[in-house]
Amino acid sequence: MTTTEVEAFQRILGDRQKELGIGNREALAVQASPDEMDRIQHFSEREYAMNHLERNSRRLREVQAALRRIDDGSFGVCVDCERSINLKRLAAVPWSSTCIACQEAAETAHADSRVEIEAGDEVAA
Ligand SMILES: [Zn+2]
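Parameters at a glance
- Residues numbered from 1 in each chain as written.
- Predicted model: local features only at pLDDT ≥ 70, side-chain atom pairs only at ≥ 80, totals over all residues.
- Helix = DSSP H or I, 4+ residues; strand = E, 2+ residues; numbered from the N terminus.
- Buried ≥ 20, exposed ≤ 12 C-beta atoms within 10 Å, placed from the backbone.
- Contact = placed C-beta atoms within 7 Å.
- Core = buried A, V, L, I, M, F, W, Y, C linked by C-beta atoms within 7 Å.

Student: Honestly, the overall build of the chain in this entry has me stumped. Any pointers?
Tutor: Looking only at helices and strands, one finds six helices and zero strands in the chain. Its helices and strands taken in sequence order, the chain reads α-α-α-α-α-α from the N to the C terminus. Sorting the 125 residues of the chain into buried and exposed places 11% on the buried side. Partitioning the contacts of the chain with sequence separation of at least 6, the portion at a separation of at least 24 is 59%.

Student: What should I look at first to understand unusual backbone geometry in this one?
Tutor: Excluding glycine, most residues fall at negative phi; most peptide bonds, likewise, are trans. A positive phi angle is found at Glu82, which is not glycine, with a value near 65°. Relative to the elements of secondary structure, Glu82 occurs in the loop between helix H3 (43–72) and helix H4 (87–92). By C-beta crowding, Glu82 is classed as exposed, having 9 other C-beta atoms within 10 Å.

Student: Honestly, the environment of Gly76 in this entry has me stumped. Any pointers?
Tutor: Along the chain, Gly76 falls in the loop between H3 and H4. A sequence separation of 70 residues divides Gly76 from Val6, and the C-alpha atoms of the two residues are 8.7 Å apart.

Student: Just to check I follow, could you spell out the nonpolar core for this structure?
Tutor: When a protein is soluble and globular, its nonpolar side chains tend to lie buried together. The biggest cluster of nonpolar side chains holds 10 residues, and these are Phe9, Leu13, Leu20, Val63, Ala66, Phe75, Ile85, Leu90, Trp95 and Cys99. When residues of this core are traced back to their parent elements, those giving at least two are helix H1 (3–32) and H3. The leading source of residues in this core is H1, at three residues. Among all residues touching Leu13, those that are not within four sequence positions of it are Val63, Ala66, Leu67, Pro94 and Trp95.

Student: Would you mind showing me how to read the environment of Asp71 here?
Tutor: Within the element layout of this structure, Asp71 appears in helix H3. Taking C-alpha positions, Asp71 is 9.3 Å from Gln10, a pair spaced 61 residues apart along the chain.

In structure tokens, the structure reads:
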């Protein structure tokens, strides 16, 4: 990967980190406010808010880990098999820490939870 490419990913990930950081603070404020909790009476809404917060936190950790990998020079290398991650995959999912083969292996291992998470992302977007 060229320096220019790495810098482009660093910018994308930096923006994403800011977005997720702001989103998390808002979600936490909702959780911390008793009035807001009174208004959110339905279990499904509470559950949605919790899932959203959890998903945001997880994504934020992934983005931060990717930024650390840029700093230490291991960005774009699969953490499992140490092969280069396909550039198209990184363009689609810049916080990828594994190559497609390892990702698919992990998805097969955690099929149920992954499907739910990905479906939730679709709705949120
Ligand atoms: Zn791999």
